[in-house]
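For reference, the chains in residue letters:
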Amino acid sequence: MKSPQSKLSRRNFLFAAGAGSVAATAALLAAKGGDQPAGKPEKTVGSQGYRLTEHIRNYYRTTKV
């Protein structure tokens, strides 16, 4: 009768892994949310937006199928 015991153990492991990932995500979001004050975002002077750099070109090259 070890089969029911092992299934229960596997379920507990998966439940714990899922709960742990949810808790870690919540902690990351809480840490990120405290850095910026609520309200109107500040404008950055001299922002050029999206730029295609060598690093980005390498990424695009590696993702080609």
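Read on for an overview of the structure. These figures come from a predicted structure and were not determined experimentally. (Residues numbered from 1 in each chain as written. Predicted model: local features only at pLDDT ≥ 70, side-chain atom pairs only at ≥ 80, totals over all residues. Heavy atoms only, no water.)

For the coordinates displayed, the defined rule picks out one salt bridge. Across the salt bridge formed by Glu54 and Arg57, the nearest N and O atoms sit 3.3 Å from each other. Here the residue Glu54 and the residue Arg57 both occupy positions in helix α2 (residues 54–62), the gap between them amounting to three residues, near one helical turn. The exposure class assigned to Glu54 is partly exposed, which follows from its relative accessible area of 49%. Overall, Arg57 belongs to the partly exposed group, its relative accessible area being 41%. (Salt bridge = Lys/Arg side-chain N within 4 Å of Asp/Glu carboxyl O. Helix = DSSP H or I, 4+ residues; strand = E, 2+ residues; numbered from the N terminus. Buried < 20%, exposed > 50% of the residue type's maximum accessible area, 1.4 Å probe, protein only.)

What follows is about a nonpolar patch on the surface. Nonpolar side chains collect at one region of the surface, where Tyr50, Leu52, Tyr59 and Tyr60 lie side by side and expose about 480 Å² of accessible area between them. In this structure, Tyr50 sits in the loop between α1 (2–33) and α2. By relative accessible area, Tyr50 is classed as exposed at 58%. (Patch = residues over 30% accessible without salt bridge, like charges linked within 9 Å, V, L, I, M, F, W, Y side chains within 5 Å. Areas by Shrake-Rupley, 256 points an atom, 1.4 Å probe, with all protein chains shown as cover.)

Let's shift gears to the packing of aromatic side chains. Throughout the structure, instances matching the rule amount to one aromatic pair. Aromatic pair Tyr59 and Tyr60: ring centres 6.0 Å apart, planes at 50°, arrangement tilted. Overall, the relative accessible area of 52% leaves Tyr59 in the exposed class. By relative accessible area, Tyr60 is classed as partly exposed at 40%. (Phe/Tyr/Trp six-rings, centres within 6.5 Å; stacked < 30°, edge-to-face > 60°.)

A few words on the environment of Tyr60. Tracing the backbone shows Tyr60 in helix α2. Not counting the four nearest positions on each side in its chain, Tyr60 is found in contact with Tyr50 and Leu52. (Contact = heavy atoms within 4.5 Å.)

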